[in-house]
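# Architecture at a glance
Below, each chain spelled out in residue letters.
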Amino acid sequence: MPEMMITHIIKYKNMELGTTIIGLGATALCIVPFVLMRRSTKKKEHELVNGLKVIAASYNREVSIYDCGIDFAVGISAARDFVFFVKIRNEEMLEQCIPLNAIQKCRIDSTKRSIKTKGGHESVTDKLELTFLPIDKSIAASQFEFFNSEDHFQLNGELQLIKKWEALINEILSGKKP
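Computed from a prediction, not measured in an experiment: that's the story for all the values here.

### Regarding the sheet that holds strand S4 (residues 92-99)
- Here four strands make up an open sheet; going across it, the order is S1-S2-S3-S4 and the pairing antiparallel. Each end of this open sheet is capped by a strand with a single partner; those strands are strand S1 (63-68) and S4. Each strand axis lies, on average, 15° off the axis of its neighbour in the sheet, ignoring direction.

### Quick notes on the sheet that holds strand S5 (residues 103-117)
- Strand order in the open sheet formed by three strands is S5-S6-S7, with antiparallel pairing between adjacent strands. Since the sheet does not close on itself, it has two edges, and those belong to S5 and strand S7 (142-148), each with one partner. Mean inter-strand twist for the sheet, computed between neighbouring axes without regard to direction, equals 20°.
- Strand direction decides the pairing type here: S5 and strand S6 (residues 120-134), joined by 14 bridges, are antiparallel. Within S6, the residue paired with Ile-103 across the bridge is Pro-134.

### What to know about the packing of aromatic side chains
- Under the definition given, this model contains seven aromatic pairs.
- Taking the centre distance of 5.7 Å and the plane angle of 25° together, the rings of Phe-72 and Phe-85 count as stacked. With Phe-72 in strand S2 (residues 72-77) and Phe-85 in strand S3 (residues 82-89), this pair connects stretches of sequence that are 13 residues apart.
- A residue is classified by how much of its surface remains accessible, and Phe-72, at 0% relative accessible area, is buried.
- Seen in terms of ring centroids, Phe-82 and Phe-84 are 6.1 Å apart; in terms of plane orientation they differ by 5°. Their pairing is stacked. In terms of burial, Phe-82 and Phe-84 fall into one category: buried.
- Taken together, the ring pairs in this structure connect Phe-72, Phe-85, Phe-132, Phe-144 and Phe-146 into an aromatic cluster.

So, how was this worked out
- Residues numbered from 1 in each chain as written.
- Predicted model: local features only at pLDDT ≥ 70, side-chain atom pairs only at ≥ 80, totals over all residues.
- Heavy atoms only, no water.
- Pairing = 2+ DSSP bridges.
- Helix = DSSP H or I, 4+ residues; strand = E, 2+ residues; numbered from the N terminus.
- Axes fitted to C-alpha atoms, helices over the stretch in contact; angles between N-to-C directions.
- Phe/Tyr/Trp six-rings, centres within 6.5 Å; stacked < 30°, edge-to-face > 60°.
- Buried < 20%, exposed > 50% of the residue type's maximum accessible area, 1.4 Å probe, protein only.

Right under this line is the structure:
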C-alpha cells in the first residue's frame, strides 16, 4: 500500500510538472509579441532621435528637448533658435529644420471631415500640422505633419504633442519680440 501511494505521488508530481511547463509555454507565447513590439518601437524611436541629432549637428546645434510620435520626432535646439523635425514615410526619413528668427507665429492646422453616425454626425481628424508663419510674407509657410489619416487610422497622442509644441514655440517667439 505505501508503494502504491508513492507511485500516485510521483504520477501527480509529473502531472503538475507537465501542466506547469504547458502554462509557462503558453504565457511565453502571449508575452513574446509584446516584447518584440516594444523592442521595435524603441529601435524606431532611437532612429528618429538620431535623425534629429544629425540635422542639429549640421547647423552646429544640439537637441535639448524632443518628443517622438509613432513615425516622427520633433525637437528644439539648446539655444532655442531652431526647431527640427523628422518623419519616416514610405521607409524614407524626411527632415525639416526651421530657424525661429525667421518665424512670426506658430499655429495648429487641423483638417477634419464630418461622417454620418447612428446618433448624427461626427468629426474625424484627417490631418494635424504644426504651421510656421514666416515674418517675411513673401515666403511660404512651413508645416510639420504630426498626423495623417492616410498613414494611421486614429490619433495616438499626436494632438497632445502638437498642442505642447505650439505652446512651447509660441512662448519662445513671444520672448524674442521687442
